[in-house]
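# Fold and geometry: a report
Each chain is listed here by its residues.
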Amino acid sequence: MPIKIEYRVGVPVPADIIWEIIADIPRWPEWTTIYPAAKGVVGYGEKLSLTLALPNQKPVNIDPRVLDWAPNEAIHWKLPIFGGFGRSVRYLEIETLSETGCVFSNGEILSGFGTRWMQPAVRRSMKAGFTALGEALKDRALALWQERSGGAT
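As a starting point, this report considers the structure included with it. Within each chain, residues carry numbers counting from 1 in the order of the written sequence. Residues qualify for local features only when their pLDDT is at least 70, as the model is predicted, and side-chain atom pairs are given and counted only at 80 or more; totals for whole chains, interfaces and linings, by contrast, use all residues. Note: side-chain values were computed over all heavy atoms of the structure, leaving out hydrogens and water.

Moving on: the layout of surface pockets. Here the term cavity refers to a set of points on a 1 Å grid, laid over the protein atoms alone, in which a 1.4 Å probe fits but cannot get out; the term pocket refers to an open set having protein on both sides within 12 Å along at least five of seven lines, with lining residues being those that place an atom within 4 Å of a point. Grid points are joined across faces, edges and corners, and a volume is the space filled by probe spheres set on the points. Here the largest pocket is characterised by a volume of approximately 450 Å³. As for the largest pocket, its lining consists of 19 residues, and the residues nearest its centre are Leu 52, Leu 54, Val 60, Ile 81 and Glu 108. Taken together, the elements giving at least two residues each to the lining of the largest pocket come down to strand E4 (60-62), strand E6 (74-81), strand E7 (86-98), strand E8 (101-111) and helix H2 (120-148). Residues that form the lining of the largest pocket fall into these classes: 14 nonpolar, 2 polar and 3 charged. Lining the second largest pocket we find Glu 20, Ile 21, Asp 24, Arg 27, Trp 31, Arg 140, Leu 144 and Arg 148. Of all the elements in the fold, those that place two or more residues in the lining of the second largest pocket are helix H1 (15-23) and H2. Counting from the N terminus, the helices are the DSSP runs of H or I reaching at least four residues and the strands are the DSSP runs of E reaching at least two. No other element matches H2, which puts 3 residues into the lining of the second largest pocket. The class makeup of the residues in the lining of the second largest pocket is 3 nonpolar, no polar and 5 charged. Gly is placed with the polar residues, together with every amino acid not listed as nonpolar (Ala, Val, Leu, Ile, Met, Phe, Trp, Tyr, Cys and Pro) or charged (Asp, Glu, Lys and Arg).

Given below as structure tokens:
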């Protein structure tokens, strides 16, 4: 049975501001602690090189492949996990609500035989990391939007 771990946050900025931030993968370390190192470009099948540093977990280097993407909407990547006995699909998604408002979701869907051994502490760590990423992105987007719109939010 698949496991889904997600964090969603409303952000009162245009979707293109969120997209600008998440599509610039090499700059992720400037605003989020869960990816202290990040390289790659958004494109079908492109390989990313990320260091994942979830709270209370040892940082790990991962090399996922971009599975799907759409400007101002989403980036999805996949990664084999649990020694190949499972699969992870990680997503960063933007749902546009208005010209100056959207919902940002980030999460992971884990599937495969290996998920049965996933510890609850790891799930909590993932949730905390995704929450931190969502809040950091919101702060970054609000600051950028305020700067560009002359102080209006």
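Moving on, we come to the nonpolar core. As used in this record, nonpolar core signifies buried Ala, Val, Leu, Ile, Met, Phe, Trp, Tyr and Cys residues forming a set joined through side-chain atoms within 4.5 Å. Relative accessibility under 20% of the residue-type maximum defines a buried residue, over 50% an exposed one, and the middle range a partly exposed one, all with a 1.4 Å probe and only protein chains included. Grouped together as the largest cluster of nonpolar side chains are 43 residues, with contacts concentrated most on Ile 18, Trp 28, Leu 50 and Phe 104. Throughout, a residue-residue contact means that at least one pair of heavy atoms, one from each residue, lies within 4.5 Å. When neighbours within four sequence positions are excluded, Trp 28 is seen to be in contact with Ile 21, Ile 22, Tyr 35, Ala 38, Leu 50, Trp 77 and Leu 92.

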